[in-house]
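# A structural walkthrough
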Amino acid sequence: IYGTAFSKLRILLVTTASSFLSLFWAMVLVFLFIYGTALSLCQMLQPSVLDADLPLDLREWLFQWYGSGTRSIWTLFLVTFSGGWPNYVQRLID
């Protein structure tokens, strides 16, 4: 009677452990997408940060969220996983 109960538990544990490999590669793929997009955005927005014709508050906002590679990665992480993506994108559209 115990053999069948524990064999089902073993199957459940083996299946759960096997799914972690897929989860790992999915996380790597999402990180690579965020990394590539963030660096592209940082490079594309750099001239706007340095443009003296734009208002100072907009340039400071651009630098705060997209001014370096790590800032851009953090911003895209927030855009992807928080619910408030319009807060980080709306001023780019305007």
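Above this text is the structure in question.
Since we're looking at a predicted model, the values are computed, not measured.

### As for the overall build of the protein chain
Looking only at helices and strands, one finds four helices and zero strands in the protein chain. Each helix and strand of the protein chain, placed in order from N terminus to C terminus, yields the pattern α-α-α-α. Against the compact-globule benchmark of 12 Å for 94 residues, the protein chain has a radius of gyration of 22 Å, which places it well outside the compact range. Expressed along its principal axes, the backbone C-alpha trace of the protein chain runs to roughly 80 × 20 × 15 Å. Taken over 94 residues, the protein chain has a buried fraction of 21%. Long-range pairs, those at least 24 residues apart, make up 50% of the contacts in the protein chain with a sequence separation of at least 6. Just so you have it, the protein chain exposes about 7100 Å², and 71% of that area is on carbon and sulfur atoms. Computing the positive centroid from 5 side-chain charges and the negative centroid from 5, the protein chain places the two 29 Å apart.

### Notes on the pattern of salt bridges
Summed over all chains, the structure comprises one salt bridge. Of the charged contacts in the structure, one is a salt bridge between R91 and D57, with a shortest N-O distance of 3.5 Å. In this pair, R91 sits in helix α4 (residues 85-93) while D57 sits in helix α2 (residues 56-66), placing the two residues 34 residues apart along the sequence.

### Some points on a nonpolar patch on the surface
A grouping of F6, L9, L12 and L13 is seen on the molecular surface, where their side chains present a nonpolar patch of about 430 Å² in accessible area. Its place among the elements puts L13 in helix α1 (residues 2-50).

Cut-offs used in this document
- Residues numbered from 1 in each chain as written.
- Predicted model: local features only at pLDDT ≥ 70, side-chain atom pairs only at ≥ 80, totals over all residues.
- Heavy atoms only, no water.
- Helix = DSSP H or I, 4+ residues; strand = E, 2+ residues; numbered from the N terminus.
- Rg over C-alpha atoms; globule rule 2.2 N^0.38 Å.
- Buried < 20%, exposed > 50% of the residue type's maximum accessible area, 1.4 Å probe, protein only.
- Contact = heavy atoms within 4.5 Å.
- Areas by Shrake-Rupley, 256 points an atom, 1.4 Å probe, with all protein chains shown as cover.
- Lys, Arg positive; Asp, Glu negative; His and termini not counted.
- Charge placed at Lys NZ, Arg CZ, Asp CG, Glu CD.
- Salt bridge = Lys/Arg side-chain N within 4 Å of Asp/Glu carboxyl O.
- Patch = residues over 30% accessible without salt bridge, like charges linked within 9 Å, V, L, I, M, F, W, Y side chains within 5 Å.

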